[in-house]
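For reference, the chains in residue letters:
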Amino acid sequence: MEKKVYKIAVLPGDGTGPEVVAEGLKVLDAAAAKYGFAFEKTTFNWGGEHYLATGEVLPEDAAETLKKFDAVFLGAIGHPKVKPGILEKGILLKLRFDLDQYINLRPVKLYPGVETPLANKGPEDIDYVVVRENTGGIYTGIGGISQKGTKSEVAIQSMVYNYMQVERCVRFAFETARKRHKDAPWRGLSQEDIAAGKIGQVTLCGKTNVLTFVFDLWERTFYEVAKDYPDIKTAYCHVDATCMWMVKNPEWFDVLVTCNIFGDIITDLGAMTQGGMGVSAGGNINPNGVSMFEPIGGSAPKYTGLGVINPVAAILAGAMMLDFLGEAEAAKDIEKSVEFVTAKKMKSQSAGKMGYSTSEVGDLVVENL
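Everything quoted here is computed from the prediction, not taken from an experiment.

Novice: Would you mind going over the side chain of Asn310 in detail, with residue names and values included?
Specialist: Within the secondary structure layout, Asn310 lies in the loop between β12 (291–295) and α10 (312–325). Of the residues examined, Asn310 reaches a relative accessible area of 7% and is grouped as buried. Every residue in contact with Asn310, bar those within four places of it in the chain, is listed here: Val20, Gly278, Val279, Met346, Gln349 and Met354.

Novice: Please set out the sheet that holds strand β8 (residues 200–206) residue by residue, giving values where relevant.
Specialist: Strand pairing in a sheet relies on backbone hydrogen bonds. The paired strands run either parallel or antiparallel. Taken in spatial order, the 10 strands line up as β2-β1-β3-β12-β11-β4-β5-β10-β8-β9 in an open sheet, and their pairing is mixed. On the outer flanks of this sheet lie β2 (37–43) and β9 (232–238), each paired with one strand and no other. The mean inter-strand angle of the sheet, taken between neighbouring strand axes irrespective of direction, is 25 degrees. With three bridges joining them, strand β3 (residues 71–76) and β12 adopt parallel strand pairing. Across the sheet, Ala71 pairs through a bridge with Ser291, a residue of β12. Packing against the sheet, helix α1 (residues 17–35) makes contact with β1 (4–13), β2, β3 and β12, and its axis sits at approximately 155 degrees to β2. Where α10 meets the sheet, its contacts fall on β1, β2, β3, β4 (103–109), β11 (281–285) and β12, and the angle it forms with β12 comes to roughly 160 degrees.

Novice: Which residues make up the environment of Phe44, and what are the values?
Specialist: Along the chain, Phe44 turns up in the loop between β2 and α2 (48–54). Measuring from C-alpha to C-alpha, the distance between Phe44 and Gly13 comes to 8.6 Å, with 31 residues separating the pair along the chain. When residues no more than four places from it in sequence are discounted, the contact partners of Phe44 are Ala9, Val10, Leu11, Pro12, Thr65, Leu66 and Phe69.

Novice: Describe the nonpolar core, listing the residues and the values that go with them.
Specialist: If you look at the biggest cluster of nonpolar residues, it comprises 80 residues, and the most contacted ones within it are Val131 and Trp218. Here this core takes nine residues from α10, the largest share from any one element. With residues near it in sequence (within four places) discarded, Val131 still touches Ile103, Asn104, Leu105, Cys169, Phe172, Ala173, Thr176, Val255, Leu256, Val257 and Thr258. Counting 21 residues, the second largest nonpolar core, distinct from the first, contains Ala63, Ile77, Leu99 and Val290.

Novice: Give a detailed account of the packing of α10 against helix α11 (residues 328–344), specifying residues and quantitative values.
Specialist: Packing of α10 against α11 leaves a shortest axis separation of 7 Å and a crossing angle of 160 degrees. Classed by the angle they form, the pair α10 and α11 counts as roughly antiparallel. Like other packed secondary-structure pairs, α10 and α11 cross with a definite hand, here left-handed. Contact residues: α10 offers Val312, Ile315, Leu316, Ala319, Leu322 and Asp323, while α11 offers Ala328, Ala330, Ala331, Ile334, Glu335 and Val338.

Novice: I'd like a rundown of helix α9 (residues 260–273), residues and numbers included.
Specialist: If you check α9, its first and last C-alpha atoms are 20 Å apart, about what 14 residues at 1.5 Å a residue would give, namely 20 Å. The set of residues buried in α9 consists of Asn260, Phe262, Gly263, Ile266, Thr267, Gly270, Ala271 and Thr273. Down the axis, α9 shows its buried residues gathered within 160 degrees of arc, on one side only. Looking at the buried side of α9, the elements it contacts are β4, β5 (127–133), β8, α7 (214–226), α8 (239–248) and β10 (255–258). Remark: Gly275 follows α9 within two positions and exhibits a positive phi of approximately 115 degrees.

Novice: Which residues make up unusual backbone geometry, and what values go with them?
Specialist: In the Ramachandran plot, Asp100 falls in the positive-phi region, its phi being about 50 degrees despite a non-glycine side chain. Following the sequence through the fold, Asp100 ends up in the loop between α4 (86–98) and β4. Note on Asp100: relative accessible area 28%, which makes it partly exposed. A positive phi angle is found at Asn120, which is not glycine, with a value near 60 degrees. Inspection of the secondary structure assignment puts Asn120 in the loop between β4 and β5. A residue is classified by how much of its surface remains accessible, and Asn120, at 80% relative accessible area, is exposed.

Novice: Quick rundown of the pairing of β3? Include the residues and the values.
Specialist: Most of β3 is tucked away, with six of its six residues classed as buried. Judged from the five bridges that link them, β1 and β3 form a sheet pairing that is parallel. Across the sheet, the residue bridging to Ala9 is Val72, located in β3.

Novice: Outline the packing of aromatic side chains, listing residues and values.
Specialist: Note on aromatic pairs: each is described by the distance of the centres and the angle between the planes. Throughout the structure, instances matching the rule amount to 14 aromatic pairs. When the centroid spacing of 5.8 Å and the interplanar angle of 55 degrees are considered together, the rings of Tyr128 and Phe253 count as tilted. One end of the pair, Tyr128, is in strand β5; the other, Phe253, is in the loop between α8 and β10, and 125 residues separate them in sequence. Looking at Tyr128, the relative accessible area reads 0%, which means it is buried. Aromatic side chains Phe215 and Phe262 sit 5.6 Å apart centroid to centroid with 5 degrees between the ring planes, which places their arrangement in the stacked category. Of this pair, Phe215 sits in helix α7 while Phe262 sits in helix α9, and the two are 47 residues apart along the sequence.

Cut-offs applied
- Residues numbered from 1 in each chain as written.
- Predicted model: local features only at pLDDT ≥ 70, side-chain atom pairs only at ≥ 80, totals over all residues.
- Heavy atoms only, no water.
- Helix = DSSP H or I, 4+ residues; strand = E, 2+ residues; numbered from the N terminus.
- Buried < 20%, exposed > 50% of the residue type's maximum accessible area, 1.4 Å probe, protein only.
- Contact = heavy atoms within 4.5 Å.
- Pairing = 2+ DSSP bridges.
- Axes fitted to C-alpha atoms, helices over the stretch in contact; angles between N-to-C directions.
- Core = buried A, V, L, I, M, F, W, Y, C linked by side-chain atoms within 4.5 Å.
- Parallel < 35°, antiparallel > 145°, perpendicular 65-115°, else oblique.
- Left-handed = near helix turned anticlockwise from the far one by under 90°.
- Expected span 1.5 Å × (residues − 1).
- Arc of directions from axis to C-beta.
- Phe/Tyr/Trp six-rings, centres within 6.5 Å; stacked < 30°, edge-to-face > 60°.

And the structure:
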């Protein structure tokens, strides 16, 4: 039988991005060797250095080039010599829009041995997923400025959604809940829910009391889609209440679905509760196209080349990529190995305090696959 080969575009990015990407690829190659598939990798050095050298943020055909790959593996974008916003909007947002990566998928999971700032909470309490709409809303830039620089200046930026954008995002959230619990019900369900055949829960995070136009659309669509998923329980939380419960009772959440800007904010809160950016991975998903997977932390330029940055998030991003590609067993193996390393080996998740170098952490995950 011919070995399956996945074509992967690698964007190491800036700062410590190439260092964590190297460890992610190391672990991916080990998983591929174990499970009998392979990668064909192509590296694209788009980022701060490329921009400073050429004045080009991205080639015009970047999206078309990436569409030829099965997935994209990204390090980090951000350079101290480049004004904030140029690379982030010119690379990250542009690729999300051009590749229609309309879902930002962010697992919020506390791994064994990782410290959380939430008192009396452990891995059994912090294990949920945020499904963030990724290509619409206030980030599309609809609006403008008039009379700039005067005391009469007006700035407008509008949150705009259509039904299609909301419906496909909400449906993805329900599918995610069903996939998470295809073998066993979510731990937060009551005995009555389980008796009624429920296996998971999707919570809509919104602001129906103030954003009455946009979230009227979201709420109606949410409950309409829910009719197709009688096995999934539904719930609703205002975004401010969501933030409170993420801190006080994170065990209440299973799958959260929300708009672009709310998702951007609550996922960073979630990352802190799971131990910080060093262990937080995410995916920009087009379920029918090319998706991009990345560690959530920034490029951390002050640590560049020191070999002290935490690669766990990049390794977990690689596991997410494998799951998306259909290699679920290999993905689970990587995650189990990470759990062993965080619980039994690493002293801390902070840069320079792990007890191991960046490459040594990667070696430990490979060794325990």
